[in-house]
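# Residue-level structural notes
Listed below, chain by chain, are the residues.
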Amino acid sequence: MNPASIAALSVAIIYVFIAMFQLALALGAPMGEYAFGGQNAGKLPVGFRVASVFSLAINLAIAGHFMAQASVLPQLLPTELNVLANWGLVGFAGLGVLLNSISRSKKERQMRVPVTALILICAVIVAIG
């Protein structure tokens, strides 16, 4: 297995865990201070729980894309679009590092910055691989 495939599988697994976290939030887990800027301690209000459902879907879609990069799933995009998607996800991960770094919630920063930084590193390896 080459480094790009290992990075793709690694980031796919991370996104699945993030999706599971979003599912827990959507179902009412009292972890609001770890998400959405940490402005809601405990259970998220309904609007943020709905946002967690959307985040769940997005994270699973991104995990699926990276699984396709590792040849676990078939690639659905033509090569040119696949390359663009890979670099777009690098940008998305970079934005994630930035936004989580400026979160008002210390708990969110401590949990999410290392995770998003690891995602960024893996996404770059996939994009250049």
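Before reading on, note that the structure itself is shown above.
Only a predicted model underlies this, so the values are computations on that prediction, with no experimental measurement involved.

## Looking at the environment of Met 1
Here Met 1 lies in the segment before α1 (3–26). With relative accessibility at 71%, the residue Met 1 sits in the exposed group. Sequence-wise, Met 1 and Met 31 are 30 residues apart; in three dimensions their C-alpha atoms are separated by 37 Å.

## Some words on unusual backbone geometry
Even without glycine at this site, Phe 36 takes up a positive phi of about 55°. Secondary-structure assignment places Phe 36 in the loop between α1 and α2 (46–69). For Phe 36, a relative accessible area of 28% gives the class partly exposed.

## Some thoughts on the pattern of salt bridges
For the structure shown, the criterion picks out one salt bridge. Across the pair Lys 107 and Glu 33 runs a salt bridge, and its minimum N-O distance is 3.9 Å. Placement of Lys 107 in helix α4 (residues 106–128) and of Glu 33 in the loop between α1 and α2 is noted, with a sequence separation of 74 residues between them. Accessibility expressed as a relative area gives 17% for Glu 33, which makes it buried.

## Section: the packing of aromatic side chains
Under the definition given, this model contains two aromatic pairs. Aromatic pair Tyr 15 and Phe 66: ring centres 6.3 Å apart, planes at 10°, arrangement stacked. A residue pair is termed long-range when its members are at least 10 positions apart, and Tyr 15 in helix α1 and Phe 66 in helix α2 qualify at 51 residues. Since its relative accessible area comes to 4%, Tyr 15 is described here as buried. Residues Phe 36 and Phe 48 carry aromatic rings whose centres are separated by 5.1 Å and whose planes lie at 50° to one another, so their mutual orientation is tilted. With Phe 36 in the loop between α1 and α2 and Phe 48 in helix α2, this pair connects stretches of sequence that are twelve residues apart. Judged by relative accessible area, Phe 48 falls into the partly exposed class, the value being 24%.

## So, the nonpolar core
Among the nonpolar cores identified, the biggest contains 19 residues, and Val 11, Tyr 15, Phe 66 and Ile 119 are the most heavily contacted of them. Of all the elements in the fold, those that place two or more residues in this core are α1, α2, α3 (79–101) and α4. Here this core gets seven residues from one element, more than from any other, and that element is α1. When sequence neighbours within four positions are dropped, the list of residues in contact with Ile 119 reads Val 11, Ile 14, Tyr 15, Ile 18 and Ala 93.

## Here's the deal with a nonpolar patch on the surface
On the surface, Leu 95, Leu 98, Leu 99 and Ile 102 cluster together into a nonpolar patch covering about 400 Å² of accessible area. Here Leu 95 shows up in helix α3. Of the residues examined, Leu 95 reaches a relative accessible area of 44% and is grouped as partly exposed.

The rules behind these values
Residues numbered from 1 in each chain as written. Predicted model: local features only at pLDDT ≥ 70, side-chain atom pairs only at ≥ 80, totals over all residues. Heavy atoms only, no water. Helix = DSSP H or I, 4+ residues; strand = E, 2+ residues; numbered from the N terminus. Buried < 20%, exposed > 50% of the residue type's maximum accessible area, 1.4 Å probe, protein only. Salt bridge = Lys/Arg side-chain N within 4 Å of Asp/Glu carboxyl O. Phe/Tyr/Trp six-rings, centres within 6.5 Å; stacked < 30°, edge-to-face > 60°. Core = buried A, V, L, I, M, F, W, Y, C linked by side-chain atoms within 4.5 Å. Contact = heavy atoms within 4.5 Å. Patch = residues over 30% accessible without salt bridge, like charges linked within 9 Å, V, L, I, M, F, W, Y side chains within 5 Å. Areas by Shrake-Rupley, 256 points an atom, 1.4 Å probe, with all protein chains shown as cover.

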